[in-house]
Amino acid sequence: MTVQEGPRSADIAASIERRWAVVSIIIVVMVTMLAVIAGLHQATMPQPRVEITDPSRLHLSGEFIESNLGSVLGPDGSVTVRAIGQQYSFTPACILVPAQTPILLRAASADVVHGILIQGTNINTMLVPGYVSEQFMRFEKTGDYLMPCQEFCSFGHEGMWGKVRVIDKVEFAARAKDGGRLSCVGE
Ligand code: CUA
């Protein structure tokens, strides 16, 4: 039996190092290819539906004028809520919705990026100027929920709070029968 000598172990070490160098190069090439393929896929496939708005003209015409903000009961019994966020408040500041009803929230920002988070639920969306944010929601129980702005939007951010009030379905329907835009501002 012979004892291995220096040059032989150096050769073994060199071959192991080469093998790991090849493995790491393969990993880098694979990650690069993944990024390229994902980028090409995103650039060439149709995008999910995107709706745009002009934040500087939100208050002048169209869906997000002040008189159209709030909750409205649709003919199919579902409710659509339209709201805007601006430094440093939501309009309406108190959103009124019925319990046990499918609700579609449509919201936009009039200035910078804001966020809508309804505490105690998984409802959480960003309001990005220039785009309409949509969020489906449903509340099983009546009650009040806090709705803080969850994106830093400058020095008044921590004071930007709204509220969601969930009321009984029948009561909501009675209040909505005239077709007006409902909110709980001032209640
Ligand atoms: Cu609006 Cu933070």
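It should be emphasised that the depicted structure is a prediction, and the values quoted were computed from it without experimental measurement.

> What is the right way to look at unusual backbone geometry in this model?
Backbone geometry follows two general trends: most residues other than glycine have a negative phi, and most peptide bonds adopt the trans configuration. Between glutamine 87 and the following residue, tyrosine 88, the backbone shows a cis peptide bond with an omega angle of 0 degrees. Considering the arrangement of structural elements, one finds tyrosine 88 in the loop between strand 2 (79-86) and strand 3 (89-91). Of note, the bond from threonine 91 into proline 92 is cis; its omega dihedral lies within 30 degrees of zero at -5 degrees. Turning to its location among the elements, proline 92 is positioned in the loop between strand 3 and strand 4 (94-98). Here glutamine 100, not a glycine, exhibits a phi torsion of approximately 50 degrees, which is positive. In this structure, glutamine 100 sits in the loop between strand 4 and strand 5 (103-109).

> Explain the state of the cysteines here, please?
Put plainly, a disulfide is one covalent bond tying together the sulfur atoms of two cysteines. Summed over all chains, the structure comprises 1 disulfide. The side chain of cysteine 94 participates in a disulfide bridge whose partner is cysteine 184; the two sulfur atoms lie 1.9 Å from each other. Disulfide cysteine 94-cysteine 184: the torsion about the S-S bond is -90 degrees, which places it as left-handed. Highlighted residues: cysteine 94 in strand 4 and cysteine 184 in the segment after helix 2 (169-176), separated in sequence by 90 residues. Cysteine 94 sits in the buried class, given a relative accessible area of 5%.

> Please explain the side chain of glutamine 135 as it appears in this structure.
Its place among the elements puts glutamine 135 in strand 8 (residues 133-137). Taking relative accessible area as the criterion, glutamine 135 reaches 17% and is therefore assigned buried. Here glutamine 135 is in contact with Ile103, Leu104, Leu105, Ile123, Asn124 and Thr125, once residues within four sequence places are set aside.

> When you look at the pattern of salt bridges in this model, what are you seeing that I'm missing?
It is possible for side chains bearing opposite charge to pair when their charged atoms get close. Counted under the stated rule, the structure contains 9 salt bridges. The partner of glutamate 187 in a salt bridge is arginine 165, and the shortest N-O contact between them spans 3.8 Å. Placement of the pair is glutamate 187 in the segment after helix 2 and arginine 165 in strand 10 (residues 161-167), with a sequence separation of 22 residues. Classification of glutamate 187 by relative accessible area gives exposed; the value is 52%. For arginine 165, a relative accessible area of 17% translates into the label buried. In this structure, glutamate 187 engages arginine 175 in a salt bridge whose closest nitrogen and oxygen atoms are separated by 2.5 Å. Of this pair, glutamate 187 sits in the segment after helix 2 while arginine 175 is found in helix 2, placing the two residues 12 residues apart along the sequence. Relative accessible area serves as the criterion here: at 30%, arginine 175 is assigned to the partly exposed category. Each member of the salt-bridge network shares a partner with another, and the members are Glu51, Glu63, Arg82, Arg106 and Glu134.

> Could you clarify how one ought to interpret the sheet that holds strand 9 (residues 143-148) in this entry?
Hydrogen bonds between backbone atoms are what pair the strands of a sheet, whose relative direction is either parallel or antiparallel. Spatially, 3 strands are ordered 4-10-9 in an open sheet, and the strand pairing comes out mixed. Where the open sheet ends on each side, the last strands, each with one partner, are strand 4 and strand 9. With strand direction ignored, the average angle separating the axes of adjacent strands in the sheet is 20 degrees. Of the pairings in the sheet, the one linking strand 4 to strand 10 comprises 5 bridges and is parallel in character. The partner of cysteine 94 across the bridge, within strand 10, is lysine 163. In the packing of helix 2 onto the sheet, contacts are made with strand 4 and strand 10, and the angle to strand 4 comes to roughly 110 degrees.

> Is there a simple way to think about the environment of valine 50 in this case?
Structurally, valine 50 can be placed in the loop between helix 1 (6-44) and strand 1 (70-73). Sequence-wise, valine 50 and serine 133 are 83 residues apart; in three dimensions their C-alpha atoms are separated by 8.9 Å.

> Any chance you could explain the nonpolar core here in plain terms?
Soluble, globular proteins show a tendency: their nonpolar side chains are buried together. Judged by nonpolar contacts, the single largest core of 30 residues is most densely connected at Val97, Ile116, Ile118, Phe139 and Val164. At the level of secondary structure, the elements contributing two or more residues to this core comprise strand 2, strand 4, strand 5, strand 9, strand 10 and helix 2. For this core, the element with the most residues is strand 4, which contributes 4 residues. Isoleucine 116 has contacts with Phe90, Leu105, Ala107, Ile123, Asn124, Thr125, Leu127, Met147, Pro148 and Gln150, leaving out every residue within four places of it along the chain. With 6 residues, the next largest nonpolar core counts Leu58, Leu69, Ile84 and Val132 among its residues.

Procedures and definitions
Residues numbered from 1 in each chain as written. Predicted model: local features only at pLDDT ≥ 70, side-chain atom pairs only at ≥ 80, totals over all residues. Heavy atoms only, no water. Helix = DSSP H or I, 4+ residues; strand = E, 2+ residues; numbered from the N terminus. Disulfide = S-S within 2.5 Å. Buried < 20%, exposed > 50% of the residue type's maximum accessible area, 1.4 Å probe, protein only. Contact = heavy atoms within 4.5 Å. Salt bridge = Lys/Arg side-chain N within 4 Å of Asp/Glu carboxyl O. Pairing = 2+ DSSP bridges. Axes fitted to C-alpha atoms, helices over the stretch in contact; angles between N-to-C directions. Core = buried A, V, L, I, M, F, W, Y, C linked by side-chain atoms within 4.5 Å.

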